[in-house]
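Residues per chain are reported as follows:
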Amino acid sequence: MMFDLGAGSLALAMAGTMTTPVAPAQSAPQTAVPTVAPTAVPNQMTPAPAPVGRIIKTLRVEGSQRIEPETVLSYTKLRVGKPYTAETLDQALKDLQASDLFADYSIAGVADGNIVLRVRENPIVNRILIEGNKALKSDKITKEIKLAPRQIFTRTAVRQDIARILELYRRQGRFAAVIDPKMVNLDQNRVDVVFVVSEGPKSKVRQINILGNAVFSEAQIRAQMATKQARFSRLLSSATSYDQDRLSYDQQKLRQFYLTQGYADFRVTSAVAELTPDKRDFIITYVVEEGKRYKFGDVSVDSQIRDFDSKKLAATLPLKKGDWYNAKLVEDSVDNLSQTAGLFGYAFSEVNPEFQKDADTLTMGINFNIAEAKRTYVERVEINGNTQTKDKVVRREIRLAEGDAFNSFQVKRSEDRINSLGYFQDKMTIKQLPGSAPDRVILETNLEEKSSGELQLSAGYSSLESFIASASITQRNFRGMGQELRANASLSSYSKSVSLGFTEPYMFDTNVALGGDIFRRDYSSYSTTGDSNDTTYEQVSTGFQIRAAVPLTEYWSATARYGLSYDQVTLDEDTYYTNGVCDPGIAGTYLCDAVGNRWTSSIGYSLVFDNTNSRLRPTKGSKFSVSQDFAGLGGDTKYIRSTANYTKYMNLGSSFILSAHAEGGYIKGLGQDVRLTDRFYLGDPQMRGFDIRGVGPRVTRTYYDTSTVPATLSSTNSSNTQTALGGTAYYQARLELELPLGAGVRELGLRPSIYMDVGAVFGGKTPTLTDTCATANATSVACVAGTRQYTNTAGDLLYLDSAGASTTTNTGTPYTYSLGTYKETYSGNTASPRLSVGVGVNWTSPFGPLRIDLAKALLKAPGDDSKLITLNVGGQF
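Residues numbered from 1 in each chain as written. Predicted model: local features only at pLDDT ≥ 70, side-chain atom pairs only at ≥ 80, totals over all residues. Heavy atoms only, no water.

A few points about the nonpolar core
Of all hydrophobic cores here, the largest spans 23 residues; its most connected members are Tyr-325, Phe-368 and Ile-370. Counting only elements with at least two residues in this core, the list comes to β12 (295–303), α8 (310–316), α9 (327–343) and β14 (363–370). Counting residues per element, this core draws most heavily on α9, which supplies five residues. Discounting residues that sit within four places of it in the chain, Ile-370 has contacts with Val-301, Asp-302, Ser-303, Gln-304, Ile-305, Phe-308, Leu-313, Leu-337, Glu-350 and Val-351. (Core = buried A, V, L, I, M, F, W, Y, C linked by side-chain atoms within 4.5 Å. Buried < 20%, exposed > 50% of the residue type's maximum accessible area, 1.4 Å probe, protein only. Helix = DSSP H or I, 4+ residues; strand = E, 2+ residues; numbered from the N terminus. Contact = heavy atoms within 4.5 Å.)

Considerations on the confidence of the model for the chain
Summing up the model confidence of the chain, the mean pLDDT is 82 and the portion of residues at 70 or higher is 85%. Overall, residues 776–781 carries pLDDT values under 50, and its contacts beyond four positions in sequence, including any with other chains, amount to 11 contacts. (pLDDT = per-residue confidence, 0-100.)

Some words on the sheet that holds strand β6 (residues 124–131)
Overall, mixed pairing links the three strands, which are arranged β6-β8-β7 in an open sheet. What marks the edges here is a single partner per strand, and that holds for β6 and β7 (178–186). Neighbour to neighbour, the strand axes of the sheet diverge by 20° on average, direction disregarded. Across the sheet, helix α5 (residues 155–171) lies against β7 and β8 (190–198), angled at about 145° from β7, the strand it touches most. (Pairing = 2+ DSSP bridges. Axes fitted to C-alpha atoms, helices over the stretch in contact; angles between N-to-C directions.)

Brief notes about empty space enclosed by the protein
In total, this model carries one cavity of 30 Å³ or more according to the counting rule given. Its boundaries defined by the atoms lining it, the largest cavity holds a volume of some 110 Å³. Around the largest cavity sit Ser-525, Tyr-526, Thr-528, Asp-691, Ile-692, Arg-693, Gly-694, Arg-698, Gln-722, Thr-723, Ala-724 and Asp-865, which together line it. The set of elements that each furnish at least two residues to the lining of the largest cavity consists of β22 (513–529) and β33 (721–724). Across the lining of the largest cavity, the residue classes break down as three nonpolar, five polar and four charged. (1 Å grid on protein atoms, 1.4 Å probe; cavity = no way out; pocket = protein on both sides within 12 Å on 5 of 7 lines; lining within 4 Å. Points joined across faces, edges and corners; volume = space filled by probe spheres on them. Nonpolar A, V, L, I, M, F, W, Y, C, P; charged D, E, K, R; others polar.)

Notes on the environment of Ser-659
Inspection of the secondary structure assignment puts Ser-659 in strand β30 (residues 656–669). With 11 residues separating them along the chain, Ser-659 and Lys-648 place their C-alpha atoms 5.5 Å apart. Ignoring any residue separated from it by four or fewer positions in sequence, one finds Ser-659 in contact with Lys-648, Tyr-649, Arg-734, Leu-735 and Glu-736.

What about the sheet that holds strand β4 (residues 102–108)?
Taken in spatial order, the three strands of this open sheet run β2-β5-β4, and their pairing is mixed. Bordering the open sheet on either side are β2 (58–62) and β4, each of which pairs with just one other strand. Strand-to-strand, the axes of this sheet are offset by a mean angle of 15°, without reference to chain direction. As paired elements, β4 and strand β5 (residues 114–121) share six bridges and run antiparallel to each other. Within the sheet, the bridge partner assigned to Tyr-105 lies in β5 and is Val-119. Along the sheet face, helix α3 (residues 86–98) touches β4 and β5 and points at about 165° away from the line of β4.

Brief notes about the pattern of salt bridges
Opposite charge on two side chains permits pairing when their charged atoms draw close. Under the definition given, this model contains 39 salt bridges. For Lys-357, the salt bridge goes to Asp-265, with nearest N and O atoms at 2.6 Å. One end of the pair, Lys-357, is in strand β13 (residues 351–358); the other, Asp-265, is in the loop between α7 (244–260) and β10 (267–275), with 92 residues separating them in the sequence. The partly exposed category is assigned to Lys-357, whose relative accessible area is 46%. The salt bridge partner of Asp-517 is Arg-486, with a shortest N-O separation of 3.1 Å. Separated by 31 residues along the polypeptide, Asp-517 in strand β22 and Arg-486 in strand β20 (residues 483–492) bring together distant segments of the chain. The pair formed by Asp-517 and Arg-486 is uniform in burial state, with each residue classed as buried. Residues joined by salt bridges that share partners form a network here, namely Glu-397, Arg-399, Arg-413, Arg-417 and Glu-554. (Salt bridge = Lys/Arg side-chain N within 4 Å of Asp/Glu carboxyl O.)

Thoughts on the layout of surface pockets
Counted as a void, the second largest pocket has a volume near 1,200 Å³. Going through the elements one at a time, α11 (408–421), β22, β23 (532–551), β24 (556–571) and β27 (596–610) are the ones with two or more residues in the lining of the second largest pocket. In the lining of the second largest pocket, the residues fall into 17 nonpolar, 10 polar and 13 charged.

Below you can see the structure in the form of structure tokens.
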């Protein structure tokens, strides 16, 4: 800003034009004066006039366009007829500056009192542009910018917006970010404001220094922190980025760690984060005081609730006198006592640990004081936030009703059941609010609905089935009633299927679930020759199943079902048939026995135990089920099949989830052999490290080399053909540990795990095997048994007459065809365990679920088909 004075400053101009103040008159020396008259006036000092400014004669505004001159003058205290000084003019300029309306302002006409306020208005913002940003999307930045189109441009607003944008980047750990604002002048006093962003690299934590530690090493202490040092091994981790909030969190983590190790006096005396000179990374230094290590002293419980026995409660606590002090055990004890009080209906009980620290004996005595409380009852259950789902769908999952005695265990169970529905956002909690009286509690359920309908179209690749395409539509909360409606179809090189299903979880509002499915499945089995697969039999199954389930207790339920299916098993007649009949010499007796059309009518039941904390992705709890199905209620197939499985989930902390799974089954034919299509099969994906159906009984057909005498079996595996036959019994177990990843990687949908699989499938009748060169080998002559004589449909041998036509008359010239020379062996029918270990990654990718497994088979039986890498895309996991 400037004053328009021509030459010189305002101060000089004012000094040259203002009236010079008169100094006070000095008293004259006292002299004798003759008395002239008795009324003479005594001598007085002459008073000095007060300094005054000049008067404003005229006052006008120049340069305003949008703003009225009266409005400009209203921001100042200058008025016509009033005096002015250097101070009043300077204040007027400050007032114009404070209005944020003007880019430039000055005062003219100071010398003669004809004051002119010359202003240049701030331009109007036309648009806001952001350039150079990559890490942060423009929409996130514009939310923080207060300057907007059609507003008045001010440098103050720009500076404030720059500070806000820089704060956004600091939250992302980019402390080297620079914002360069540019203003593009347009006509009509308009401007485009451009924020040119130089994001710079993400600031990492280069080093974490610990000073003052003596008991634990720096590596041990750093392992407790959420912030990690930037290293190549943590390339994908977000924990290496500097975060000021995380700095405070790490101090709490350090304190918690030392308190769990007995160091009750531990404290962090300082925590300093220094930016490196290149502004790329941070060096963090913690100064700590460890103090002395304490043990637990006397541990007691003082309960003001009459229902509780203080001594018995103290005996159940996990902390004991003489053990090293552990603050985590103290917290757990408070939680345990609160939960115990909640189980007995005391919703608002207070458990206060009282510490008695003895610095001389280094002991920490603790008395848990349970304050007096009244037994609490549920006044009402409030359900909020459900816009689509009916109240009754949520209410029937809550294990407490109005008037019931409060029970904290039932509240936690209700939370798990509601979260398991999958209709709402995860980690919903039920709040406990005070009721209308001290002994009343209100259970408030605040829900946030999420989409319960799924439409999935996917295409992918499987290492076995090559191209896969599938489409499915599922509504898990149909009409908001908790009903499930589903339809899906899939197509691959070896299978295609379509199915429709519906489940009503509470039939007629009773605690009985009823559901059903109809289906059509086409499956092509295959045999393996070297690295190629050849189709053997084709199975087409059409049918339906209905089922009903009823809960027996909170965790036990029973299910009954009935199914009816029609199976058509066929072989390619051009390949495996002779005169319209399946030829065992070509297909093998095991495949010929499987051919035919059969009805299967079965009835079955299941007993299920489930106390997991989530049906979708459990992290703790157990599942157990035992099932039996009886086929023979009419139809052509008769068997009884029994299966059982058990799974245990354990949260090991730090996002490590361990799951242990075991299952087994047995099927017994009732008056008939168990069909090939009804047997158990084992392999990928149940047992990784093995191919699909790669474990268990199989027939291997090895071909002869007939160029030698006697003929010898081929020594190359690439010419062998394997056909899996399955078994009548199996067992399988899995131990899998899901590994934690950084938040940034988890957002990508990656879930890695390491695992160990063990299992076997066995049992069943040994098939009839063929060796086409057995006689030739015994007589040490060339193998000529590789031909077979044609028969008609009645089984009569065919011969060739003189014209070359087939006849049943024995002309001495058999009508034969080339059969091939091979030997069949049966292997893999053993209960000895197969074992594999490996690592896998589930990825919820943009183009569908993907799983990659790298597994090594450590134990296998002869004939088993192992595989190192399995890739599946587009399927469900």
